[in-house]
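What follows is the residue order along each chain.
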Amino acid sequence: MEVRRGTVQAFDSGSYRATVQIAGSLSTWLGDVAVARNIPSAEMQVGRSCALVFFDETNPSDAVLVAVYT
Amino acid sequence: MFVFYTPPGEQRFSVSYRRSLDYGQTFGSPVSLGTPASGFPLRWLAAGHTPDGDIAVFAAISLRVFCQRRVQGTWSGVWTDANGFLADVSGLATCFRGDWNMVISGTDSAGKKGVWTYFLGEGAAQTRDTSSSLQELALAGANSLVEFRCPFLAYYDVYRLYFVERFNGQQYYNRPYRTQSLPGASFQANLWREPVPFDLASDYGVALAPGPTALWLSVPDGVWRSLAPPEPLDLTPQVVSLVAAAEPARGGVRVELDNSQGQFATVGTGLLREGAELAVSPGYYASTGPQLSEGLAFWISGWEQVVGGENRLVLEGEDGWGLLERWRARCQFTWKGTKSVLELLAFILARAGLALSPLGPSTFIQGHRPDFTIHAGERGSWLVAQLLARVPDGLFFRGSTALVKELSPTEASAYSYGPIHPVLQGRYAARTPQGSWAQALGRGVLGEDFDWERVEMLTSGVLQLQDLNLLQASQAQERAQAQVRRWGREQLGGEITVPAHCGQELYDVVDITDPRAGLEGSLRRIAGLTLTYQPRQGLYQHRLLLGGV
């Protein structure tokens, strides 16, 4: 399991999934990342920092955005 | 010589050319080739020629690319569709090699910016006048501050590609990047080394022109010419000692050279320099003459000059695993089930400059298409190890090519040690493996495999592998089985020292007969090998690490 820092680039409140710029990647984002449902939709603002847990480091579908902060 | 351009004074709708018959000293009158798409201004032009002198000129408008050909001296007069479907085009390049190999940069319909390759058929790999789909080479997110433009493509020794990467952040840069295909790789394979920056700021990139003896680069205020590739330097007569090793996930070489004449005093400036390839090709004088194997390839990573007494130059090198260790991802790469594990390995290896050849891969490594991501900063060696941990295959290097083969427990012996090929020293070990029962837990599926003999001995509990990329029970079964096979290889160990066997490779299965240890054609898999060559001592040996099959 790995924790990584990122920046929210987009959020879909319907699917509750986000596009995140993982720290270090200037050009490409990680899309379709599950967002913890305990995070209010209004807090998922573009540009805010966030924390992601990768249960499987190399599987983008096995990760969840667990915190958003400024 | 042809020069293609959009005539001044118009709104860049049409294409014209002027021709020179004296290498550019004078040009003929302008000739119009017409308008590719009425009402759409041209964004970019590219042109190339076949070895027969036929020409194709490509004209990109904002949404697509058109082509007009000149065959046997006659222009078709018709602009045909040549793919390149993008929302906006910021550059276009072509190079003919059987088909028209294309590179295009711009923005796709989703707003992503990138550099893509594709090819327009001329009848070689692609049917004439049909085109392949676009394959990404570099990509930037729609909202990122990075964009790409002005690609230039040429084939010299391999495909060489330059493009401009622009970063529009506070630390703005506008910098050409260069990359190249792997030796022998087709353009269609779309396997490129990691693009690296070129020491130049340029809005319009670097134009490439291959000549018979050099590749030329040019910008409005500068020209570069490549150096001729040097002749290989045979170091064999100067070798005092050589030790070359290959193991799973690592390998290296240390060569001690006689420098008594000072012939290597300039090490670091000529052929013997950091990054130069060091090929170790072990051989024998056989009844049919000198025979040698391709052996191993290393890249010089350091050296020592020993002076006073016996002057020596000691070269140290690393193998493909070293190159993978040095490659770090620049950005996030993500595939959602679009590439097999084998294709993912090929991508990572190519970024480090290494080719991949499937020697005898499992059906699983070819068919399993996981969701996979590479985070910026991750090392190639770690990523390759992660992928290999999920499949029943092993990877080793032959020369500068990585080979992948299934490590099957039913693989037959490829060679016999003892008594004809003598075992000089042996150490044969057995150990309890780390596990005997594996469960692979996927997305709603379970796969299990057992080493029943050991399960009944109660020597270990279950190992659970959680992998949401396993979507089918058969995939979970494969994953569990690969783990139990891995334990099976761990339960036998040891090593033998034998006279060198030039063709011995990592992961080969051999049989060993050594009555001193009660072995009679016992199968082992080569888990590591070290070649030692000390000609002055008459030493030419292999130390082979052993494992189970």
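Model, not experiment: these values are computed from the prediction.

Caption draft 1: Spatial organisation of the overall build of chain B. Secondary structure summary: chain B contains 6 helices and 40 strands in total. Taken over the C-alpha atoms alone, chain B extends approximately 90 × 70 × 50 Å along its principal axes. Relative to its full complement of 549 residues, chain B shows a buried share of 49%. In chain B, of all internal contacts separated by at least 6 residues, the share reaching a separation of at least 24 is 57%. Total accessible area on chain B stands at roughly 25800 Å², and carbon and sulfur atoms take up 51% of it.

Caption draft 2: Layout of the overall build of chain A. Helix and strand counts for chain A come out as 0 helices and 5 strands. Traced from its N-terminal end to its C-terminal end, chain A shows the element sequence β-β-β-β-β. The C-alpha atoms of chain A give a radius of gyration of 11 Å, which matches the 11 Å a tight globule of 70 residues would have. Each of the three principal axes of chain A carries a C-alpha extent, and together these read 30 × 25 × 20 Å. Expressed as a percentage of its 70 residues, the buried residues of chain A come to 47%. Restricting the contact set of chain A to residue pairs at least 6 apart, pairs at least 24 apart contribute 47%.

Caption draft 3: Focus on the interface of chain B and chain A. If you look at the interface, chain B gives 25 residues, while chain A gives 20 residues. Summed over both sides, the interface of chain B with chain A buries roughly 1900 Å², with 52% coming from carbon and sulfur. Area buried by chain B at its contact with chain A is led by Q332(B), K336(B) and H375(B), which between them contribute 27% of it. In this assembly, chain B and chain A are joined by 3 salt bridges. A salt bridge links D56(A) to R390(B); its shortest N-O distance comes to 3.2 Å. Counting every contact that joins chain B to chain A gives 9 residue pairs in polar contact (both at pLDDT 80 or more). Listing elements by their share of the side of chain B that touches chain A, those giving two or more residues are β12 (135–140), β27 (333–336), β29 (371–374) and α4 (380–388) of chain B. Per-element accounting of the side of chain B that touches chain A gives the leading share, 3 residues, to β29(B). For the side of chain B that touches chain A, the class distribution of residues is 9 nonpolar, 9 polar and 7 charged.

Caption draft 4: Examining the packing of aromatic side chains more closely. All names here are of chain B. This model, assessed by the stated rule, comprises 28 aromatic pairs over all chains. Between F4 and W75, the aromatic rings sit 5.9 Å apart at their centres with planes inclined by 80°, giving edge-to-face as the arrangement. On the criterion of sequence distance, the pair formed by F4 in strand β1 (residues 2–5) and W75 in strand β7 (residues 74–75) is long-range, its members being 71 residues apart. You can call W75 buried: its relative accessible area is 16%. With a centroid separation of 5.8 Å and an interplanar angle of 75°, the aromatic rings of F148 and F163 are classed as edge-to-face. Pair noted here: F148 is in strand β13 (residues 146–155) and F163 is in strand β14 (residues 159–167), with a separation of 15 residues, a long-range link. On the basis of relative accessibility, which here comes to 5%, the residue F148 falls in the buried class. The exposure class assigned to F163 is buried, which follows from its relative accessible area of 1%.

Caption draft 5: Examining the side chain of T532(B) more closely. Within the secondary structure layout, T532(B) lies in strand β39 (residues 519–534). Setting aside residues up to four positions removed in sequence, T532(B) forms contacts with L242(B), V243(B), L539(B), Y540(B) and Q541(B).

Caption draft 6: Spatial organisation of the sheet that holds strand β11 (residues 113–120) of chain B. All names here are of chain B. Taken together, 4 strands build an open sheet; the order of strands is β9-β10-β11-β12 and the sheet is antiparallel. Strands at the two margins of the open sheet, each flanked by one partner only, are β9 (88–97) and β12. Going across the sheet, the axis of each strand differs from the next one's by a mean of 15°, ignoring polarity. Pairing of strand β10 (residues 99–107) with β11 involves 8 bridges; the strand directions are antiparallel. Bridged to I104 within β11 is W116.

Caption draft 7: Up close: the environment of H421(B). All names here are of chain B. In this fold, H421 is placed in the loop between β32 (415–417) and β33 (425–430). Taking the C-alpha atoms as reference points, H421 and W224, separated by 197 residues in sequence, lie 55 Å from one another. H421 has contacts with Y415, S416, V498, P499, A500 and H501, leaving out every residue within four places of it along the chain.

Caption draft 8: Structural context of empty space enclosed by the protein. Counted by the stated rule, this structure contains 1 cavity of 30 Å³ or more. Of the pockets and cavities examined, the largest cavity occupies roughly 40 Å³. Lining the largest cavity are T58(A), H368(B), P370(B), D371(B), F372(B), L387(B), R390(B) and N469(B). Within the lining of the largest cavity, the residues separate by chemical class into 3 nonpolar, 3 polar and 2 charged.

Caption draft 9: Structural view of the pairing of strand β40 (residues 539–547) of chain B. All names here are of chain B. In the sheet, strand β37 (residues 492–499) pairs with β40 via 5 bridges, with the strands oriented antiparallel. Bridged to I496 within β40 is L544. Judged from the 9 bridges that link them, β39 and β40 form a sheet pairing that is antiparallel. Residue pairing across strands places I526 opposite L546, the latter belonging to β40. Hairpin connection from β39 to β40: 4 residues lie between these consecutive antiparallel strands, with G538 at a positive phi of about 65°.

Caption draft 10: Up close: the environment of V240(B). All names here are of chain B. Among the structural elements, V240 can be located in strand β20 (residues 239–247). Residue V240 is classed as buried on the basis of its relative accessible area, which comes to 9%. Taking the C-alpha atoms as reference points, V240 and I526, 286 residues apart in sequence, are found 27 Å from one another. When sequence neighbours within four positions are dropped, the list of residues in contact with V240 reads E256, L257, D258, R312, Y533, Q534, P535 and R536.

Caption draft 11: Molecular detail of helix α6 (residues 473–490) of chain B. Relative to the 26 Å expected for 18 residues at 1.5 Å per residue, α6(B) spans 26 Å between its end C-alpha atoms, a close match to the ideal helical length. All of the buried residues in α6(B) are Q475(B), A476(B), R479(B), A480(B), A482(B), Q483(B), V484(B), R485(B), W487(B) and R489(B).

Caption draft 12: Structural view of the environment of P176(B). Residues and elements named next belong to chain B. As for its placement among the helices and strands, P176 is situated in strand β15 (residues 173–180). P176 gets classed as buried once you look at its relative accessible area, which sits at 0%. The spacing of P176 and F163 is 13 residues in sequence and 5.4 Å in space, taken between C-alpha atoms. Among residues more than four places away in sequence, those in contact with P176 are F163, V164, V196, P197, F198, L200, S202 and V206.

Caption draft 13: Quick look at unusual backbone geometry. In this structure, the amide linkage connecting G418(B) to the following residue, P419(B), adopts the cis form with an omega of -5°. Within the secondary structure, P419(B) sits in the loop between β32 and β33. Of note in the backbone geometry, D32(A) takes a positive phi value of approximately 60° without being a glycine. When you line up the elements, D32(A) lands in strand β3 (residues 30–35). Despite not being glycine, N190(B) shows a phi value in the positive range, around 55°.

So, how was this worked out
- Residues numbered from 1 in each chain as written.
- Chains lettered and ligands numbered in written order.
- Predicted model: local features only at pLDDT ≥ 70, side-chain atom pairs only at ≥ 80, totals over all residues.
- Heavy atoms only, no water.
- Helix = DSSP H or I, 4+ residues; strand = E, 2+ residues; numbered from the N terminus.
- Buried < 20%, exposed > 50% of the residue type's maximum accessible area, 1.4 Å probe, protein only.
- Contact = heavy atoms within 4.5 Å.
- Areas by Shrake-Rupley, 256 points an atom, 1.4 Å probe, with all protein chains shown as cover.
- Rg over C-alpha atoms; globule rule 2.2 N^0.38 Å.
- Buried area = accessible area lost by both parts, 1.4 Å probe.
- Salt bridge = Lys/Arg side-chain N within 4 Å of Asp/Glu carboxyl O.
- Polar contact = N/O pair within 3.5 Å; in protein donor to acceptor, adjacent residues only side chain to side chain.
- Nonpolar A, V, L, I, M, F, W, Y, C, P; charged D, E, K, R; others polar.
- Phe/Tyr/Trp six-rings, centres within 6.5 Å; stacked < 30°, edge-to-face > 60°.
- Pairing = 2+ DSSP bridges.
- Axes fitted to C-alpha atoms, helices over the stretch in contact; angles between N-to-C directions.
- 1 Å grid on protein atoms, 1.4 Å probe; cavity = no way out; pocket = protein on both sides within 12 Å on 5 of 7 lines; lining within 4 Å.
- Points joined across faces, edges and corners; volume = space filled by probe spheres on them.
- Expected span 1.5 Å × (residues − 1).

Scope: geometric values only; no functional claims are made or implied.
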